[in-house]
Amino acid sequence: MRYAWHVIKYILVFVVNLLIFLFVHSYFNLVVMIVMIAMPFISILCAVITANQLSVRFGGANRDLTVDEPFLVSVILDNGSIFPNMNVDINITMENALFKISGKHTLCIPAYAHGTDAVDYQIGQSLVGVLRVSADELRITDWMGFIRIRKRCDAERDYVVFPSGKMMVRPDMAAVSYGMNEAEESQKKGNDFSEVVDVREYRPGDKLQNIHWKLSAKKDILMVKERESMSSSRLMVLVELANDDSDVLNDVLKAAYEVAVYLLEEDVPFTYYYWSTLQGDIVETSMDSREILDEWLEKIFYEQSYSDERYGLSMLEKVVSDDRKLIVITGSHSSFGKTVFTCGSRVKGYISE
């Protein structure tokens with residue numbers, strides 16, 4: 001409708017100029033008439049040529065991106081024609097497939113003759129995942145504002161947004177290593193991330209921190225706990241990819257990432273598991289470095305979530321033995337075992353019973 005009104009106004013101006021010419025027979029008005037007749041055709045022709053030479057691409061943010069930290073996305077418009085155009089609208093879609101959220105925006109960028117123009121978006125993401133930015137259509141308005149030409153395009157780019165990894169989550173490794181009965185004792189004497197495999201009499205050279213004080217008092221002789229380092233048995237951690245309307249999965253992945261960073265810092269060998277809806281199988285990853293952790297999390301960003309917060313555990317229990325120690329990271333709606341850490345009021349990690 002807007003373009004029709006432009007045409008109507010243009011015709012009215014042309015008619016007025018024609019009437020003036022008929023009454024005064026001015027050569028100036030004759031020239032104006034000729035120009036007014038030619039300009040719409042020139043305007044539309046230049047718009048068509050420019051539209052065929054336009055392309056869109058995305059740039060910026062060539063670094064590790066983290067949640068709640070703004071970053072710039074560059075929308076770059078290339079014009080290969082000799083004609084400029086100041087009215088190019090780009091339809092831009094931003095989508096996070098893991099959390100099934102998307103948004104659309106129209107950006108107006110001038111197209112310089114044989115040139116490139118770029119506009120920087122500042123984006124702040126509160127959700128982890130792959131932010132896919134795409135442009136599927138250009139709309140070019142001619143100089144006179146008579147028509148709008150639509151052109152399809154297929155520009156897109158993925159921006160991977162990771163958790164901050166600021167080590168805000170500290171699992172109770174005493175509870176994980178020794179069992180809940182000895183958690184307080186271990187915290188007082190220091191954690192060594194090992195398991196008690198036997199109890200025997202004291203021998204010269206044994207560490208005092210390994211003395212079983214309660215049993216020694218009962219037997220009236222020093223008894224020592226023999227420990228086996230957890231390095232000989234990797235810790236198993238299951239991450240439930242369950243989500244709800246409040247996007248609790250976002251906090252679960254943040255907590256899982258921070259726990260992994262902590263375990264890597266402490267040189268505790270561990271393996272992460274999750275149920276892949278796309279593959280229909282449990283995915284197992286031995287975490288040996290920060291690079292492997294980032295690759296593991298990026299794979300999850302392309303997964304599909306589910307609703308049952310124990311679904312992954314039920315599938316994992318079919319393929320592992322019952323005597324393996326397993327930490328489950330999930331939403332904190334209900335409790336199924338001894339909690340070893342919490343992350344706010346929405347996420348917890350517990351030892352599966």
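The rules behind each value
- Residues numbered from 1 in each chain as written.
- Predicted model: local features only at pLDDT ≥ 70, side-chain atom pairs only at ≥ 80, totals over all residues.
- Heavy atoms only, no water.
- Phe/Tyr/Trp six-rings, centres within 6.5 Å; stacked < 30°, edge-to-face > 60°.
- Helix = DSSP H or I, 4+ residues; strand = E, 2+ residues; numbered from the N terminus.
- Buried < 20%, exposed > 50% of the residue type's maximum accessible area, 1.4 Å probe, protein only.
- Expected span 1.5 Å × (residues − 1).
- Arc of directions from axis to C-beta.
- Contact = heavy atoms within 4.5 Å.
- Salt bridge = Lys/Arg side-chain N within 4 Å of Asp/Glu carboxyl O.
- Pairing = 2+ DSSP bridges.
- Axes fitted to C-alpha atoms, helices over the stretch in contact; angles between N-to-C directions.

Asks: So what's going on with the packing of aromatic side chains? Which residues, and what values?
Replies: Scanning all chains against the criterion turns up ten aromatic pairs. Here the aromatic rings of F162 and Y257 are separated by 6.4 Å at their centres, their planes lie at 35°, and the arrangement is tilted. With F162 in strand 8 (residues 148-162) and Y257 in helix 6 (residues 248-265), this pair connects stretches of sequence that are 95 residues apart. With a relative accessible area of 3%, Y257 lands in the buried category. Through a chain of ring-to-ring contacts, three or more aromatic side chains come together here, namely F270, Y272, Y274 and W296.

Asks: For helix 7 (residues 290-301), give the residues involved together with the corresponding values.
Replies: The end-to-end C-alpha distance of helix 7 is 17 Å, a good match for the 16 Å that twelve residues give at a rise of 1.5 Å each. Of all the residues in helix 7, the buried ones are L293, W296, L297, I300 and F301. Along the axis of helix 7, the buried positions cluster into a sector of 150°, meaning they face one direction only. Residues of helix 7 that are exposed and point more than 90 degrees away from the buried face comprise E291, E295 and K299. Against the buried residues of helix 7 lie strand 7 (129-141), strand 8, strand 11 (235-239), helix 6, strand 12 (270-276) and strand 13 (281-287).

Asks: Outline the pattern of salt bridges, supporting the account with residue identities and numerical values.
Replies: The tally for this structure, following the rule as stated, stands at five salt bridges. Linking D89 and R148 is a salt bridge whose minimum nitrogen-to-oxygen distance equals 3.0 Å. A residue pair is termed long-range when its members are at least 10 positions apart, and D89 in strand 4 (residues 85-96) and R148 in strand 8 qualify at 59 residues. Take D89: its relative accessible area is 12%, and that puts it in the buried class. Among the salt bridges present, the one from E137 reaches R150, with a minimum N-O distance of 3.0 Å.

Asks: Account for helix 6, naming residues and giving values.
Replies: Compared with the 26 Å implied by 1.5 Å per residue over 18 residues, the 26 Å span of helix 6 between its first and last C-alpha is a close match. Taken across its 18 residues, helix 6 has 17 buried, putting it largely inside the fold. Immediately beyond the C-terminal end of helix 6, within one or two residues, lies D267, with a positive phi of roughly 60°.

Asks: Tell me what's going on with the sheet that holds strand 3 (residues 71-79), and back it up with residues and numbers.
Replies: Read from one edge of the open sheet, three strands run 1-3-6, paired in antiparallel fashion. The sheet terminates laterally at strand 1 (54-59) and strand 6 (115-123), the two strands that pair on one side only. Averaged over all pairs of adjacent strands, the angle between strand axes in this sheet comes to 20°, irrespective of strand direction. In this sheet, strand 3 lies alongside strand 1 in antiparallel orientation, the contact comprising six bridges. When the sheet's bridge partners are listed, L54 is paired in strand 3 with N79.

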